[in-house]
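Chain by chain, the residues:
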Amino acid sequence: MTAMIPFNRPTLVGNELEYIRSAVAGGHSASKGPFTGQVTSLLKEDLGAHDVLLTTSCTGALEMAAMLIDPRPGDVVIVPSFTFVSTALAFAREGFRLRFADIEPVTLGLDPHSVADLIDDRVRAIVPVHYAGIGCEIAAITQLAASHGISVIEDNAHGLFGSLGGQPLGSFGVMSTLSFHETKNFVCGEGGALVINDSALVDRAHVLLDKGTNRRSFERGVVDKYTWCDDGSSFGLSDLLAAFLLAQLECRDAVLLAREAATERYDRMLHGLVEPFGVEFGRKPPDRVSAFHMYYLLMPSKAVRDAVLHRMHADGVIATFHYVPLHRSPGAVRHLDGLVPELPVTDDISGRLLRLPFYTDIDHATQSAVVGSLTEALQQAC
Ligand SMILES: *Cc1c(COP(=O)(O)O)cnc(C)c1O
């Protein structure tokens, strides 16, 4: 029995505590303070965005995106079923009906063919996810959307600093969202961002974040009164957390390099499992640069996957499954547009997928122990 190996561990990478101290000393701890400004500039520049608004979570950013689409009763959004709840929930909460599309088996992102089958004139938005930080078939999806006047909003919770054809993930849709939750590549406890790629949406996005007020126009001297003028909520991230986040993002190159190195170590240690056990690796088309968010494998069957997880947990190695399909979940049923769909790839993949412990400073010895436990578990299960 090895010492317990956690699934995830957030890492302090730079000046986090120093910047928090300085944020406290500066006295601006609410949203839109100086550290928020610095994070915003960094992300705007790297993503080539018109604006970036820091939010309390990716879920909040998705809610803002849904509000910015301004749904009419009966409007529909197409989302994957193989995703975190928030991708669907944020839109359902704003009154959208949900249509779930299947994923394709290479990137585990939305399958453009499945999306195309669901399009009609009630569809207002499509929300692809770049699973594990590898770009989905976003070009085909944006093309399809453009030809029907539909908005694409990328849920880019996994993919910050990944790219496709040299273009950053999160810059393809009219908007995209980020997560800085403690389980993601760059963290501040809880946090997120709404990335805006269409200048026409910037002003209203600030009103939504400022509790429905025109506070930003007032502060800029554009209006002389500051009033309630639209919907909104308290979506803004505290500047104390933005301070922590800035330190994390300043180390983005080192974080990505460390995660890439850890990925390559697993690849080397694991390639011998393909032949004897029928294990499949995640795949990355050659035009994509990964954000290295996680390390997953596909087991030959759900029964093997479940047995392997059980054995590894008994060893103290916290490997995990991932998304339980949303399209049959009780929370989705009342928002579903039509009948529960058949999504064979989603069902198959979610039954066989296994994620190994993976975090920025995971080391060789820990990864060897993980692979040892996995190999023994496979020998017993197959
Ligand atoms: C983590 C995650 C979210 C939610 O992020 P929060 O910041 O916790 O709200 C949404 N979508 C995906 C794909 C995620 O992985």
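Residues numbered from 1 in each chain as written. Predicted model: local features only at pLDDT ≥ 70, side-chain atom pairs only at ≥ 80, totals over all residues. Heavy atoms only, no water.

(A) View of the overall build of the chain. Along the backbone of the chain there are 15 helices and 13 strands. Relative to the globule expectation of 21 Å for 382 residues, the C-alpha radius of gyration of the chain, 21 Å, shows essentially globular dimensions. Reported as C-alpha extents along the three principal axes, the dimensions of the chain are approximately 70 × 50 × 35 Å. Here the chain holds 382 residues, and 54% of them are scored as buried. Taking the contacts inside the chain whose residues are at least 6 apart along the sequence as the reference set, 72% of them involve residues at least 24 apart. The positive charge centre, built from 31 side chains, and the negative charge centre, built from 45, are 3 Å apart in the chain. (Helix = DSSP H or I, 4+ residues; strand = E, 2+ residues; numbered from the N terminus. Rg over C-alpha atoms; globule rule 2.2 N^0.38 Å. Buried < 20%, exposed > 50% of the residue type's maximum accessible area, 1.4 Å probe, protein only. Contact = heavy atoms within 4.5 Å. Lys, Arg positive; Asp, Glu negative; His and termini not counted. Charge placed at Lys NZ, Arg CZ, Asp CG, Glu CD.)

(B) Region of the structure containing the side chain of aspartate 75. Mapped onto the elements of the fold, aspartate 75 is located in the loop between α3 (58-69) and β2 (76-80). For aspartate 75, a relative accessible area of 4% corresponds to the buried category. In this structure the side chain of aspartate 75 is engaged in a polar contact, spanning 2.8 Å, whose partner is the backbone nitrogen of arginine 72. A polar contact is formed between the side chain of aspartate 75 and the side chain of arginine 124, at a distance of 2.5 Å. (Polar contact = N/O pair within 3.5 Å; in protein donor to acceptor, adjacent residues only side chain to side chain.)

(C) Fine view of the site of the ligand. Taken together, 16 residues sit near the ligand, with Thr59, Asp155, His158, Ser179 and Lys184 positioned nearest. In the model, an oxygen atom of the ligand is placed 2.5 Å from a nitrogen or oxygen of the threonine 59 side chain. Separating an oxygen atom of the ligand from a side-chain N or O atom of serine 179 is a distance of 2.7 Å. Computed on the free molecule, the ligand has an accessible area of 380 Å², of which 93% lies beneath the protein chains in the complex. Using a 2 Å cut-off from the grid points, one finds that the ligand occupies the largest pocket. Looking at the shell around the ligand, the elements with two or more residues in it are α3 and α4 (85-93). Partitioned by chemical class, the residues of the shell around the ligand number five nonpolar, nine polar and two charged. (Near = heavy atom within 4 Å. Areas by Shrake-Rupley, 256 points an atom, 1.4 Å probe, with all protein chains shown as cover. 1 Å grid on protein atoms, 1.4 Å probe; cavity = no way out; pocket = protein on both sides within 12 Å on 5 of 7 lines; lining within 4 Å. Sits in = over half its atoms within 2 Å of the grid points. Nonpolar A, V, L, I, M, F, W, Y, C, P; charged D, E, K, R; others polar.)

(D) Here's a closer look at the sheet that holds strand β13 (residues 353-355). A sheet is described by the order of its strands in space; here three strands give the open sequence β10-β12-β13, paired in antiparallel fashion. Two strands lie at the open edges of the sheet, namely β10 (280-281) and β13, each paired on one side alone. In terms of strand pairing, β10 meets strand β12 (residues 296-298) through two bridges, oriented antiparallel. Along β12, the bridge assignment pairs phenylalanine 281 with leucine 297. (Pairing = 2+ DSSP bridges.)

(E) Representation of the sheet that holds strand β3 (residues 97-101) within the structure. Here seven strands make up an open sheet; going across it, the order is β1-β9-β8-β5-β4-β2-β3 and the pairing mixed. The strands lining the two open edges of the sheet, one partner per strand, are β1 (51-55) and β3. The sheet shows a mean angle of 25 degrees between the axes of neighbouring strands, taken without regard to direction. Here β2 runs beside strand β4 (residues 123-126); their pairing, made up of three bridges, is parallel. Looking across to β4, one finds that isoleucine 78 is bridged to isoleucine 126. (Axes fitted to C-alpha atoms, helices over the stretch in contact; angles between N-to-C directions.)

(F) Local environment of the layout of surface pockets. By volume, the largest pocket amounts to about 610 Å³. Taken together, 29 residues line the largest pocket, and the ones lying closest to its centre are Phe84, Thr183, Lys184, His322 and Tyr323. Of all the secondary-structure elements, those providing two or more residues to the lining of the largest pocket are α3 and α4. A per-class count over the lining of the largest pocket returns 12 nonpolar, 13 polar and four charged. Considering only enclosed or pocket space, the second largest pocket measures out at about 350 Å³ in volume. (Points joined across faces, edges and corners; volume = space filled by probe spheres on them.)

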